[in-house]
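Breakdown of the fold
Here is what each chain is made of, one letter per residue.
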Amino acid sequence: MLFRSKSIEALRHSLTLDYDSARSMPAEFYTSEKLLEVEKDKLFTSQWLCLGRIQQIPKPGDYYATEVMGEPLIVVRTNMQTISVLSNVCRHRGSILVRDSGNTDTFTCPYHSWSYNIDGSLRRAPLIIDRPDFEPKKCRLPAFSSEVWGGFIYVNLDGTAPTLAPQLEGLSNLIKNYHMADMVELHSEESIWDTNWKCLTENFMEGYHLSTVHRKTLHPITPTHLCEHFPAGQGYFGYFSVFPDDLPQRGKFHPDLTTKERQRSVMFAIPPGHVAGVAGHKVTYLYIQPDTVDTVRVKRGIAFADPAISNDSLENAVGLFEQTMAEDKIQLANLRQGLHSRSVTTAPLAPANFEGNVLDFYQYLARHIL
């Protein structure tokens with residue numbers, strides 16, 4: 001049975017609200033250890049989580065190691081058509097198999113040299129003789145449910161989530177002309193931020209702060225007053241970050257894009273842990289995992305439509321992205337501190353075009369937690 005709290009009641013109430021009556025959540029929503037444990041169980045274990053881009057493993061045998069909610073994983077391309085997500089734990093005595101990336105036809109445990117084919121099947125168990133309680137052909141690395149959408153790789157740890165693609169149908173229609181799946185990752189970073197994971201998701205997905213926190217960086221490109229909310233779907237929510245009419249087109253873009261599409265970014269969230277913004281020439285994104293109630297693990301990256309982008313253009317794009325992330329990181333640390341104050345209360349959210357996605361996020365959480 002779900003525990004009772006101000007946060008749970010506020011989440012339940014959010015399902016009855018529209019954008020004109022939406023309010024922010026009580027501070028406990030961001031500071032409750034109990035709620036974080038529920039989120040880890042009902043969201044990060046039971047929903048789709050983004051692990052990376054398909055271009056990270058372009059050839060059969062390409063792989064990389066990662067971890068989601070304490071679960072060690074191997075993301076591997078088993079053939080040109082198939083990407084698998086396997087357990088990164090040896091079936092013998094539980095050692096981690098790999099801690100890097102590369103290309104191989106065999107995963108070999110560094111502890112006792114048990115080895116596995118890239119499809120997870122056992123290849124060799126040294127010195128283990130025939131015995132009735134062990135069948136090598138049935139010994140294999142567990143495979144987790146995985147899907148690819150828009151060039152991103154997703155995993156569902158407990159195998160219970162509904163198929164992802166149908167949940168994103170409306171979003172797929174919005175971004176199809178950007179050909180996001182063809183964009184190639186040329187920048188990635190990882191760090192720990194001092195904030196609750198939900199604060200970071202909300203921050204990335206609302207344009208209300210763009211012209212204040214990012215006055216010199218994003219305001220000239222995507223000012224607050226030009227943001228346009230679009231209706232949320234089953235597995236996503238988002239808004240259009242519109243460029244001023246006199247802003248020149250930046251970088252290479254796909255010819256399928258309309259004039260209107262070239263003059264905006266589609267900012268979208270695939271909760272619980274993936275937020276992104278796709279424009280004609282690039283897509284920027286974060287993979288978000290809660291660490292503690294006050295810290296979040298953030299992997300961030302940029303993929304480009306033009307993999308041969310000039311060094312200067314690449315440096316400029318990376319510099320802008322990292323500067324805006326640094327500006328957000330400072331403000332979110334301030335927010336973390338403020339949310340522990342006794343004086344925090346709730347307040348009206350800005351109109352839908354500016355903070356509508358905050359209510360969309362609340363309602364997503366309510367549908368999956370309550």
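Above this text you will find the structure in question.
What this report covers is the structure whose coordinates are included nearby. (Residues numbered from 1 in each chain as written. Predicted model: local features only at pLDDT ≥ 70, side-chain atom pairs only at ≥ 80, totals over all residues. Heavy atoms only, no water.)

Take the overall build of the protein chain next. Of regular secondary structure, the protein chain possesses ten helices and 17 strands. Taken over the C-alpha trace, the protein chain has a radius of gyration of 22 Å; the compact-globule value for 370 residues is 21 Å, and the two agree within 12%. With the C-alpha coordinates aligned to their principal axes, the bounding extent of the protein chain is approximately 70 × 55 × 35 Å. For the protein chain, buried positions account for 53% of its 370 residues. Across the protein chain, every contact between residues at least 6 apart in sequence was considered, and the portion connecting residues at least 24 apart equals 63%. Here the protein chain has roughly 17300 Å² of accessible surface; of this, 50% comes from carbon and sulfur atoms. If you average the places of the 36 positive and of the 42 negative side-chain charges in the protein chain, the two averages end up 4 Å apart. (Helix = DSSP H or I, 4+ residues; strand = E, 2+ residues; numbered from the N terminus. Rg over C-alpha atoms; globule rule 2.2 N^0.38 Å. Buried < 20%, exposed > 50% of the residue type's maximum accessible area, 1.4 Å probe, protein only. Contact = heavy atoms within 4.5 Å. Areas by Shrake-Rupley, 256 points an atom, 1.4 Å probe, with all protein chains shown as cover. Lys, Arg positive; Asp, Glu negative; His and termini not counted. Charge placed at Lys NZ, Arg CZ, Asp CG, Glu CD.)

Adjacent strands of a sheet form backbone hydrogen bonds with each other and so pair up, either parallel or antiparallel. Spatial ordering of the open sheet is given by S6-S7-S8, a layout of three strands whose pairing is antiparallel. Unpaired on one side and paired on the other, strand S6 (106-108) and strand S8 (122-124) mark the two borders of the sheet. Mean inter-strand twist for the sheet, computed between neighbouring axes without regard to direction, equals 35 degrees. (Pairing = 2+ DSSP bridges. Axes fitted to C-alpha atoms, helices over the stretch in contact; angles between N-to-C directions.)

Residues Trp 197, Leu 286, Tyr 362 and Leu 365 are the most contacted members of the largest nonpolar core, which totals 66 residues. Sort the elements by how many residues they give to this core and helix H10 (residues 352-369) lands first, with eight residues. Those residues in contact with Tyr 362, other than ones at most four positions away along the chain, are Leu 11, Ser 14, Arg 23, Ser 24, Met 25, Phe 29, Tyr 30, Glu 202 and Leu 349. Among the nonpolar cores identified, the runner-up in size contains 27 residues, and Trp 149, Tyr 178, Phe 230 and Phe 240 belong to it. (Core = buried A, V, L, I, M, F, W, Y, C linked by side-chain atoms within 4.5 Å.)

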